[in-house]
Amino acid sequence: MVKTKDLRAMSLDELEDKLVQNKKEQFNLRIQQSTGQLTNTAQVRKVRKEIAQINTLISERKKNS
């Protein structure tokens, strides 16, 4: 999990790339969960939280631009 401080240091393009990576990871975790292969269920929540943080930062940057 990336800290908010590190996310704020990223550029808008880097944030959007990180968002795509996290959405792919979220999809993979959901597939693992549905097939019963997921052992660490807390990982799903962490990824969801990070996606929300990134979306918030992206919207802040677009609003201030």
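Check the entry above for the structure.
Predicted model, so just to flag it, every value in this text is computed and none were measured. (Residues numbered from 1 in each chain as written. Predicted model: local features only at pLDDT ≥ 70, side-chain atom pairs only at ≥ 80, totals over all residues. Heavy atoms only, no water.)

## Describing the pattern of salt bridges
Okay, step 1: Under the counting rule described, the total for this entry stands at 3 salt bridges.
Okay, step 2: Measuring nitrogen to oxygen at the nearest pair gives 3.4 Å for the salt bridge that ties Arg 8 to Glu 60. In this pair, Arg 8 sits in helix H1 (residues 4-9) while Glu 60 sits in helix H3 (residues 42-64), placing the two residues 52 residues apart along the sequence.
Okay, step 3: For Arg 8, a relative accessible area of 46% corresponds to the partly exposed category.
Okay, step 4: Glu 60 sits in the partly exposed class, given a relative accessible area of 33%.
Okay, step 5: The salt bridge partner of Glu 50 is Lys 18, with a shortest N-O separation of 3.7 Å. Of this pair, Glu 50 sits in helix H3 while Lys 18 sits in helix H2 (residues 12-35), placing them 32 residues apart in sequence.
Okay, step 6: For Lys 18, a relative accessible area of 19% translates into the label buried. (Salt bridge = Lys/Arg side-chain N within 4 Å of Asp/Glu carboxyl O. Helix = DSSP H or I, 4+ residues; strand = E, 2+ residues; numbered from the N terminus. Buried < 20%, exposed > 50% of the residue type's maximum accessible area, 1.4 Å probe, protein only.)

## Regarding the nonpolar core
Okay, step 1: Val 2, Leu 7, Leu 15, Leu 19, Leu 29, Leu 38, Val 44, Val 47, Ile 51, Ile 54, Leu 57 and Ile 58 form the largest nonpolar core, which has 12 residues in total.
Okay, step 2: At 6 residues, H3 tops the list of elements feeding residues into this core. (Core = buried A, V, L, I, M, F, W, Y, C linked by side-chain atoms within 4.5 Å.)

## Some thoughts on H2
Okay, step 1: The end-to-end C-alpha distance of H2 is 35 Å, a good match for the 34 Å that 24 residues give at a rise of 1.5 Å each.
Okay, step 2: Where the residues of H2 are buried, they touch H1 and H3.
Okay, step 3: One or two positions beyond H2, positive phi appears at Gly 36, with a value near 85 degrees. (Expected span 1.5 Å × (residues − 1). Contact = heavy atoms within 4.5 Å.)

## Structural notes on the packing of H2 against H3
Okay, step 1: Two numbers describe how H2 lies on H3: the axes approach to 9 Å, and their chain directions differ by 155 degrees. Relative to H3, H2 is oriented roughly antiparallel. As for the relative orientation of H2 and H3, their crossing is left-handed in sense. Across the interface between the two elements, Leu 12, Leu 15, Glu 16, Lys 18, Leu 19, Asn 22, Lys 23, Glu 25, Gln 26, Leu 29 and Gln 33 from H2 touch Gln 43, Val 44, Val 47, Arg 48, Glu 50, Ile 51, Ile 54, Asn 55, Leu 57, Ile 58, Arg 61 and Lys 62 from H3.
Okay, step 2: Classifying every residue of the contact of H2 with H3 gives 10 nonpolar, 5 polar and 8 charged. (Axes fitted to C-alpha atoms, helices over the stretch in contact; angles between N-to-C directions. Parallel < 35°, antiparallel > 145°, perpendicular 65-115°, else oblique. Left-handed = near helix turned anticlockwise from the far one by under 90°. Nonpolar A, V, L, I, M, F, W, Y, C, P; charged D, E, K, R; others polar.)

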